[in-house]
Structures are given as C-alpha cells and as structure tokens.
Amino acid sequence: MSDKKYCIQLAECDCNSKEVYSYDEIEIGTWVDGKPIYRKVITGKLAEQNGIGLVFAKVPELNIDRVINLYGNMTDNHNEAQITLQTSYNRPEGLFAAVNMAYDIQNSTIKYHFLNNEGYYSGCTANVVIEYTKK
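Student: Teacher, can you tell me more about unusual backbone geometry here?
Tutor: A negative phi holds for most residues other than glycine; trans holds for most peptide bonds. Positive phi, normally seen in glycine, also occurs at N63, with a value near 55°. Along the polypeptide, N63 turns up in the loop between β3 (51–58) and β4 (64–75). Take N63: its relative accessible area is 37%, and that puts it in the partly exposed class. Even without being glycine, S108 reaches a positive phi, approximately 50°. On the secondary structure map, S108 appears in the loop between β7 (94–104) and β8 (109–116). Given the relative accessible area of 16%, S108 is considered buried.

Right, here's the structure in full:
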C-alpha cells in the first residue's frame, strides 16, 4: 500500500469548455489574433430539391469577423443514417448525397450546395455548428 495521499479540489466552472455545445452563443477559446472564439449550434431544414447557394440561416446578429469552423450533422428521412457535414455520401451505385456549406460574408448567411439523390434527405433537419470570432 502506498503512503501517498491525494486531494481533490472543486472549482467553479465557467462553462467555457470546448466540450459545450449550445443553441446560445458561448465563448470557447482564443484565436491566434487574441480575439475570443464563439460557438453556436443552428438547427434548420435542408431543401426539398437539389440546389446551389441555398440559404441555411441568416446570422447578421453574430457579427462574424472570421469563421474558424463550420460543421454539423443530419439524419435522413428514414432514420437509417446520420451524416456529418461537410459530406459526400457515396455508395457503389454512385453519389447518394452531398452537402457543402460556406459562410457568405456580404450577406451574413450560411449557404450550402445540396445534391440529394432518391430524396432521402429532402427537408431533413440539420444541426450546424459555427465557430467564429467577432468584428
């Protein structure tokens, strides 16, 4: 048996952990220029049909200076698969679905390009995580 003794100290949590995801804007760290990095989860529906430059969300209230990361997930309409975003979902028969997202600086919108073969992802719910610094 060891003679070592260990203490556990409780500390107040400020909830700024990188492990926190929320529909509210939260500060998660510091970018290389010293600005705080914020994270927010945005939920929305994908289009019913294929499209280019489709608007997923308008986010002028976030006052974004630089997008650090943009990712997320979606579930097909048959609840058979969960797909991460940005994605191209391929099968032996060919490309099944693809979603590529980008932040449009001039219009303060999150846009996406959408390829949806066989309708599995028509109007499905997507959760998009955006991490950014502010102006």
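Now that the structure is up, let's keep going.
Student: Which parts of the structure should I look at to understand the pairing of strand β2 (residues 36–45)?
Tutor: As a general feature of sheets, a regular strand has side chains that alternate between the two faces. Of all ten residues in β2, seven are buried; the element is thus mostly enclosed. Judged from the four bridges that link them, strand β1 (residues 26–30) and β2 form a sheet pairing that is antiparallel. Residue pairing across strands places E27 opposite Y38, the latter belonging to β2. The hairpin formed by β1 and β2 contains five residues between the paired strands, and G34 there has a positive phi angle of roughly 90°. As judged from the eight bridges shared by β2 and strand β9 (residues 125–134), these two strands associate in the antiparallel manner. Its bridge partner lying in β9, R39 is registered against E131.

The rules behind the values
Residues numbered from 1 in each chain as written. Predicted model: local features only at pLDDT ≥ 70, side-chain atom pairs only at ≥ 80, totals over all residues. Heavy atoms only, no water. Helix = DSSP H or I, 4+ residues; strand = E, 2+ residues; numbered from the N terminus. Buried < 20%, exposed > 50% of the residue type's maximum accessible area, 1.4 Å probe, protein only. Pairing = 2+ DSSP bridges.

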